[in-house]
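Coordinates in review
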Amino acid sequence: MRVVFAGTPEPAVPSLRRLIESEGHEVVAVVTRPDAVAGRGRKLLRSPVGQLADEHGIPVLTPRKPSEPEFVAALTELAPDCCPVVAYGALLPQQVLDIPAHGWINLHFSLLPAWRGAAPVQAAIDAGDDMTGASTFLIEAGLDTGPVYGVMTEKIGLTDTAGELLARLAEAGAVLLEKTLDGVEDGSLQAIPQSHDGVTYAPKVTVEAGRIGFDEPALAIHRHIRAVTPAPGAWTEVNGLRLKLGPVEMVEETLPEREIEVRKSGVFVGTSTIAVRLGQVQPPGKKMMNALDWARGARLAPGTVIG
């Protein structure tokens, strides 16, 4: 099939690469979000998907809004049979959805109808799910409500961060997306409407949502830090200064809630249940470091609290 691929961040790259390398599909263009300012130099940078397209000489379309007449005209002229989508990052109007004969097929990183929305991987870890996966579905007007073509499953490890889990799902999901396009092209695959039961939502995770309060249960803290790692990142405050946090380890003992205790074996913090041992931390203006090295340098007074 002639396809126009839509995607933006790194997790969409494996799918685009697989379609470029496939024998059955021709990627005639890529749609991605406009170049954005990033890095210390504040330079305009192409999205990861756009960079891969550039490397292969594939035309790149970067509309600010998919409803722009120029974009609608360009997509119509390209006449794609199908538009596969992975984390594109913008809502598609109906006039754009109607252009490809086989519609827009989205690879979503959850087992729909669970965790519809922007951050399904983070939500699954935060909720303590044992299993997640990816789904391919036909995009319609609702939020991730379209009929499903195929699914794959992936176990969530006890120490998985969102970044680690998403990387696995991106690779396995790329295979699912290619197989879905194969089945749509030869007519062997039909989309099945989603169940009305088990619907959950996963809104975008904000920087503020990464704040960790150590007055929560240890298990909830353990999950939430993993869910926001690496982005937007977990953080808390100690002595009025922001401290970034890596994943923590739960330990079978109790300490006063929010109180930091520094030992030779590590830095421990009390929660509303059992204690946790801090892993990597990042104080303002410094690189990530072992929590014990930070605590020794910070010269924390006995009874210092966190969060």
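Computed from a predicted structure; not experimentally measured. (Residues numbered from 1 in each chain as written. Predicted model: local features only at pLDDT ≥ 70, side-chain atom pairs only at ≥ 80, totals over all residues. Heavy atoms only, no water.)

**A few points about the UniProt feature "domain: Formyl transferase C-terminal" (unreviewed entry) in the chain**
Following the UniProt record, one finds the feature "domain: Formyl transferase C-terminal" (unreviewed entry) at residues 204–298. Along residues 204–298, the helical share is 19% and the strand share 31%, with 34 Å between the first and last C-alpha atoms. (UniProt positions renumbered as here; feature names shortened; annotations may be inferred. Helix = DSSP H or I, 4+ residues; strand = E, 2+ residues; numbered from the N terminus.)

**Considering the pattern of salt bridges**
Throughout the structure, instances matching the rule amount to nine salt bridges. Between Asp54 and Arg46 there is a salt bridge, with the nearest N and O atoms lying 3.0 Å from each other. The exposure class of Arg46 is partly exposed, given its relative accessible area of 27%. Note that Arg211 is salt-bridged to Glu237, the shortest N-O span being 3.6 Å. With Arg211 in the loop between α6 (162–186) and α7 (218–227) and Glu237 in strand β10 (residues 234–238), this pair connects stretches of sequence that are 26 residues apart. Ionic contacts of the salt-bridge type, sharing partners, join the residues Asp35, Arg46 and Asp54 into one network. (Salt bridge = Lys/Arg side-chain N within 4 Å of Asp/Glu carboxyl O. Buried < 20%, exposed > 50% of the residue type's maximum accessible area, 1.4 Å probe, protein only.)

**With respect to the pairing of strand β13 (residues 260–263)**
As judged from the four bridges shared by β13 and strand β14 (residues 266–269), these two strands associate in the antiparallel manner. Within β14, the position partnered with Glu261 by the bridge is Phe268. Linkage of β13 to β14, two consecutive antiparallel strands, is achieved through a turn of two residues. (Pairing = 2+ DSSP bridges.)

**Remarks on the side chain of Ser15**
On the secondary structure map, Ser15 appears in helix α1 (residues 13–21). The exposure class assigned to Ser15 is buried, which follows from its relative accessible area of 1%. Every residue in contact with Ser15, bar those within four places of it in the chain, is listed here: Phe5, Val86, Leu107, Gly173, Ala174 and Leu177. (Contact = heavy atoms within 4.5 Å.)

**What to know about the UniProt feature "binding site: (6S)-5,6,7,8-tetrahydrofolate" (unreviewed entry) in the chain**
Summarizing the sequence annotation, UniProt attributes the feature "binding site: (6S)-5,6,7,8-tetrahydrofolate" (unreviewed entry) to Ser110, Leu111, Leu112 and Pro113 in the numbering used throughout. Within the secondary structure, Leu111 is located in the loop between β7 (104–108) and α5 (120–126). On the basis of relative accessible area, Leu111 is assigned to the partly exposed category, the value being 28%. With residues near it in sequence (within four places) discarded, Leu111 still touches Thr132, Gly133, Ala134, Ser135, Val151, Met152 and Thr153. Within the element layout of this structure, Leu112 appears in the loop between β7 and α5. Using a relative accessible area of 12% as the deciding quantity, one classes Leu112 as buried. Apart from the residues lying within four places of it in its own chain, the contact partners of Leu112 are Ser135, Phe137, Asp144, Val148 and Gln194.

**Quick word on α7**
A large share of α7 lies buried, amounting to seven of its ten residues. Of all the positions in α7, only Ala218, Ile221, His222, His224, Ile225, Arg226 and Ala227 are classed as buried. Looking at the packing, one finds that the buried side of α7 touches α5, α6, β10, β11 (241–245), β12 (249–251) and β15 (275–277).

**Brief notes about the domain arrangement of the chain**
By domain assignment, the chain separates into domain 1 (2–202) and domain 2 (207–298). Using only C-alpha atoms to locate each centre, domain 1 and domain 2 end up separated by 34 Å. With 13 residues of domain 1 in contact, the opposing surface of domain 2 contributes nine residues. Taking both sides of the interface into account, the surface hidden between domain 1 and domain 2 amounts to around 760 Å²; carbon and sulfur atoms contribute 49%. If you sort the residues of domain 1 by the area they bury against domain 2, Ile125, Asp126 and Thr161 come out on top, with a joint share of 48%. Counting the contacts that link domain 1 with domain 2 gives seven residue pairs in polar contact (both at pLDDT 80 or more). If you list the elements that add at least two residues to the side of domain 1 that touches domain 2, you get α5 and α6. At three residues, the largest contribution of residues to the side of domain 1 that touches domain 2 is made by α5. The residue inventory of the side of domain 1 that touches domain 2, partitioned by class, reads five nonpolar, six polar and two charged. (Domains from an automatic or database assignment. Buried area = accessible area lost by both parts, 1.4 Å probe. Polar contact = N/O pair within 3.5 Å; in protein donor to acceptor, adjacent residues only side chain to side chain. Nonpolar A, V, L, I, M, F, W, Y, C, P; charged D, E, K, R; others polar.)

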